[in-house]
Amino acid sequence: MLTRVKDVALLLGRIGIAVVFFAHGLQKWDSGVGATADMFSQIGIPLPSVSAFLVIVLELLGSIAFVVGFLLPVVAIGYAINMAGALISVHAAHGLTGEGGYELVLVLGLTALALGFNGGRLSLDHVLFRRRRQGAGELQNA
């Protein structure tokens, strides 16, 4: 029973993180790639147009993948890089807490990593890649 509770908790965590990223992705989508690129340029993000497009795709499509548990480590690394960029370029100057502080981006990035590498059995990754892992384990035990 504890395993089921753990898997549900991991799923709920993935949903929570994905909802936050998806909401921010929708804001960027609504503003448009151009406006997002302009904002990225103002804060010193390299290749602002490319970065804006990639961040929008990550935050929208990556969030859907994170909820269903598909390519969890890949999406988690993308989220962590995204949050590291936000921390360095915008939030670090404001300190840990308070207006514009980096506590949220720190928690989002690190929690995404933890969930991405420990996503639980309620994920497509578990369903799709379980046989491969089990087969590899059987070869090692032989």
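Caption draft 1: Examining the environment of Leu-113 more closely. Here Leu-113 lies in helix 5 (residues 103-116). C-alpha of Leu-113 to C-alpha of Tyr-79: the two residues are 34 residues apart in sequence and 7.8 Å apart in space. Look past the residues within four positions of Leu-113 in its chain and what remains in contact with it is Ala-76, Ile-77 and Ala-80.

Caption draft 2: Geometry of helix 1 (residues 2-31). Between its terminal C-alpha atoms helix 1 stretches 44 Å, which fits the 44 Å expected from 30 residues at 1.5 Å a residue. Every buried residue belonging to helix 1 is among Asp-7, Leu-10, Arg-14, Ile-17, Ala-18, Phe-21, Gly-25 and Lys-28, and all of these are buried. Packed against the buried residues of helix 1 are helix 2 (33-42), helix 3 (48-68), helix 4 (72-91) and helix 5. Two residues or fewer past helix 1, Gly-32 is found with a positive phi of approximately 100°.

Caption draft 3: Quick peek at the confidence of the model for the chain. Averaged over the chain, the pLDDT score is 92; the fraction of residues at 70 or greater is 92%. In the model of the chain, helix 6 (residues 124-141) stands out as the element of lowest mean pLDDT, 71, in contrast to helix 3, which has the highest, 98.

Caption draft 4: Structural view of the packing of aromatic side chains. Per the counting criterion, the structure on display carries two aromatic pairs. Seen from their ring centres, Phe-21 and Tyr-79 are 3.7 Å apart, and the 5° between their planes marks the pair as stacked. Placement of Phe-21 in helix 1 and of Tyr-79 in helix 4 is noted, with a sequence separation of 58 residues between them. The exposure classification of Phe-21 matches that of Tyr-79, with both residues buried.

Caption draft 5: Inspection of the nonpolar core at higher detail. Ranked by internal contacts, the top residues of the largest apolar core, which has 17 residues, are Ile-17, Phe-21, Phe-66, Val-75, Tyr-79 and Met-83. Contributions of two or more residues to this core are made by helix 1, helix 3, helix 4 and helix 5. Looking at this core element by element, the count peaks at six residues for helix 4. Non-local contacts of Phe-21, meaning those with residues more than four positions away in its chain, are made with Glu-59, Ser-63, Tyr-79, Asn-82, Met-83 and Leu-108. Ranked by size, the runner-up nonpolar core spans five residues in total, among them Phe-40, Ile-45, Ala-52 and Val-55.

Caption draft 6: How the structure looks around the pattern of salt bridges. By the definition in use, this model includes two salt bridges. Across the pair Asp-7 and Arg-121 runs a salt bridge, and its minimum N-O distance is 2.6 Å. Pair noted here: Asp-7 is in helix 1 and Arg-121 is in the loop between helix 5 and helix 6, with a separation of 114 residues, a long-range link. Classification of Arg-121 as partly exposed rests on a relative accessible area of 41%. For Glu-59, the salt bridge identified is with Lys-28, shortest N-O distance 3.0 Å. Pair noted here: Glu-59 is in helix 3 and Lys-28 is in helix 1, with a separation of 31 residues, a long-range link. Overall, Lys-28 belongs to the buried group, its relative accessible area being 15%.

Conventions adopted
- Residues numbered from 1 in each chain as written.
- Predicted model: local features only at pLDDT ≥ 70, side-chain atom pairs only at ≥ 80, totals over all residues.
- Heavy atoms only, no water.
- Helix = DSSP H or I, 4+ residues; strand = E, 2+ residues; numbered from the N terminus.
- Contact = heavy atoms within 4.5 Å.
- Expected span 1.5 Å × (residues − 1).
- Buried < 20%, exposed > 50% of the residue type's maximum accessible area, 1.4 Å probe, protein only.
- pLDDT = per-residue confidence, 0-100.
- Phe/Tyr/Trp six-rings, centres within 6.5 Å; stacked < 30°, edge-to-face > 60°.
- Core = buried A, V, L, I, M, F, W, Y, C linked by side-chain atoms within 4.5 Å.
- Salt bridge = Lys/Arg side-chain N within 4 Å of Asp/Glu carboxyl O.

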